[in-house]
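Letter by letter, the chains look like this.
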Amino acid sequence: MIHALADVQSQNIGDNTNIWQFVVVLAQARIGSNCNINCHVFIENDVKIGDYVTVKSGVYLWDGIEIENNVFIGPNVTFTNDKTPRSKQYPKSFLNTRIKRHASIGAASIILGGVVVGEYAMIGAGALVTSDVPDRALMKGSPAKIAGWLNDDGSKMEYIAPYYHDNKGGKWQVMNNKLIKV
């Protein structure tokens, strides 16, 4: 469903995707199936969105952003794609930002260009993400720092020294700031 008040120039929209009023999607953007693109969203040409993605209101997706399957982007999340922006001066290429599958980004977070947000990671509301986020990390603050490790459903893993324990009976250990299943 594409709302009559949306400006969708792309033909690359998957089945069962809803695009609401006052959304602009440029011609070369790709949006997968079963997505929900809320009102007041702007999507540039070099943007790839997977399947089952939710993009809440007030989000602008600039060239170089890739969003994998089953991702949630909260309202008013801000993405950047140029570390040294100047008026009327454009880089040869924009920074690539990747949001991996099952990640969630909280309302009003800022994601700087060139960052990779890992699988099942969660960015807390209002966080400033300045560097890559490991898989399953819960990030909070400005700049964002790891505040815990997450299960598939987004709940925090329990820490019983020396391991983190998931809700499926698995054990995990932090090595080099990454969570590794043991």
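The structure this text deals with has already been given above.
These numbers come from a predicted model, not from an experiment.

Conventions and cut-offs
- All residue numbers here refer to positions counted from 1 along the written sequence of the relevant chain.
- Restriction of local features to residues with pLDDT of at least 70 applies here, the model being predicted, together with a cutoff of 80 or more for giving and counting side-chain atom pairs; totals for whole chains, interfaces and linings are based on all residues.
- As a convention, hydrogens and water are excluded, and side-chain values are obtained from all of the structure's heavy atoms.
- We count a stretch as a helix when DSSP gives it H or I for four or more residues in a row; a strand needs E for two or more, and each element gets its number in order from the N terminus.
- Two things to know: the radius of gyration comes from C-alpha atoms, and the globule rule equals 2.2 Å times the number of residues to the power 0.38.
- Any residue under 20% of the maximum accessible area for its type is buried, any over 50% is exposed, and the rest in between are partly exposed; the area is computed with a 1.4 Å probe on protein chains only.
- Only heavy atoms matter for contacts: two residues are in contact if any of them lie within 4.5 Å across the pair.
- Per-residue and other accessible areas were derived by the Shrake-Rupley procedure at a 1.4 Å probe size, with only the shown protein chains allowed to occlude residues.
- We count Lys and Arg on the positive side and Asp and Glu on the negative side, and we leave His and both chain ends out.
- Here the site of a charge means atom NZ of a Lys, CZ of an Arg, CG of an Asp or CD of a Glu.
- In summary, the pairing rule links any two rings of Phe, Tyr or Trp, Trp by its six-membered ring, whose centres are within 6.5 Å, and it sorts them by plane angle into stacked for under 30 degrees, edge-to-face for over 60 and tilted for everything else.
- Being paired, for any two strands, means DSSP has found at least two bridges between them.
- By nonpolar core we mean a set of buried residues, namely Ala, Val, Leu, Ile, Met, Phe, Trp, Tyr and Cys, connected to one another through side-chain atoms within 4.5 Å.
- In this analysis a 1.4 Å probe is tested at points of a 1 Å grid over the protein atoms alone, and where it fits but cannot get out there is a cavity; an open set with protein on both sides within 12 Å along at least five of seven lines is a pocket; lining residues have an atom within 4 Å of a point.
- Grid points are joined across faces, edges and corners, and a volume is the space filled by probe spheres set on the points.
- Ten residue types, Ala, Val, Leu, Ile, Met, Phe, Trp, Tyr, Cys and Pro, are classed as nonpolar, four, Asp, Glu, Lys and Arg, as charged, and the remainder, Gly among them, as polar.

**Student:** Please set out the overall build of the protein chain residue by residue, giving values where relevant.
**Tutor:** Each helix and strand in the protein chain was counted, giving zero helices and 24 strands. Relative to the globule expectation of 16 Å for 182 residues, the C-alpha radius of gyration of the protein chain, 17 Å, shows essentially globular dimensions. With the principal axes as the frame, the protein chain shows a C-alpha extent of 55 × 40 × 25 Å. For the protein chain, the proportion of its 182 residues judged to be buried stands at 38%. Nonlocal contacts in the protein chain, meaning residues at least 24 apart in sequence, comprise 16% of its contacts between residues at least 6 apart. As presented, the protein chain carries roughly 9700 Å² of accessible surface, and 49% of it is formed by carbon and sulfur atoms. In the protein chain, 18 side chains carry a positive charge and 16 a negative one; their mean positions are 7 Å apart.

**Student:** I'd like to hear about the packing of aromatic side chains, residue by residue, with values.
**Tutor:** With the rule as written, the count across this model stands at three aromatic pairs. Measuring from ring centre to ring centre gives 5.7 Å for F42 and W62, while their planes differ by 50°; the resulting arrangement is tilted. Placement of F42 in strand β6 (residues 42-43) and of W62 in the loop between β9 (60-61) and β10 (65-67) is noted, with a sequence separation of 20 residues between them. Seen from their ring centres, Y159 and Y164 are 4.7 Å apart, and the 50° between their planes marks the pair as tilted.

**Student:** Outline the sheet that holds strand β11 (residues 72-73), supporting the account with residue identities and numerical values.
**Tutor:** In a beta sheet, neighbouring strands are held together by backbone hydrogen bonds and run either parallel or antiparallel to one another. Reading across the sheet, the eight strands line up as β2-β5-β8-β11-β14-β17-β19-β20 and stay open at both edges, with mixed pairing between neighbours. Each edge of the open sheet carries a strand with a single partner, namely β2 (18-19) and β20 (145-149).

**Student:** Can you explain unusual backbone geometry? Please cite residues and give values.
**Tutor:** A cis amide bond, omega 0°, links S142 with the succeeding residue P143. With respect to the helices, strands and loops of the structure, P143 is situated in the loop between β19 (137-140) and β20. For the peptide bond that leads from A161 to P162, omega is 5°, which places it in the cis range. Considering the arrangement of structural elements, one finds P162 in the loop between β21 (158-160) and β22 (163-165). The phi torsion at N70 lies on the positive side, around 60°, for a residue other than glycine. Tracing the chain through its elements places N70 in the loop between β10 and β11.

**Student:** Give me the lowdown on the nonpolar core, citing residues and values where you can.
**Tutor:** One finds I43, I49, L61 and F79 to be the most contacted residues of the largest nonpolar core, which totals 41 residues. Broken down by secondary-structure element, the contributors of at least two residues to this core are β7 (47-49), β10 and β19. Residues within four places of I43 in sequence aside, it is in contact with V24, V25, L26, A29, I31, I37, I49 and L61.

**Student:** Please provide a residue-by-residue account of the pairing of strand β24 (residues 178-181), values included.
**Tutor:** Bridge count for strand β23 (residues 171-175) against β24 is four bridges, and the pairing is antiparallel. Paired with W172 across the two strands is K181, which belongs to β24. Between β23 and the antiparallel strand that follows it, β24, lie two residues; N176 among them carries a positive phi value of about 55°.

**Student:** Please give an account of the layout of surface pockets that cites residues and values.
**Tutor:** Here the largest pocket is characterised by a volume of approximately 160 Å³. In terms of lining residues, the largest pocket is bounded by E44, W62, T80, N81, D82, P85, R86, Q89, Y90, P91 and F94. Partitioned by chemical class, the residues of the lining of the largest pocket number five nonpolar, three polar and three charged.

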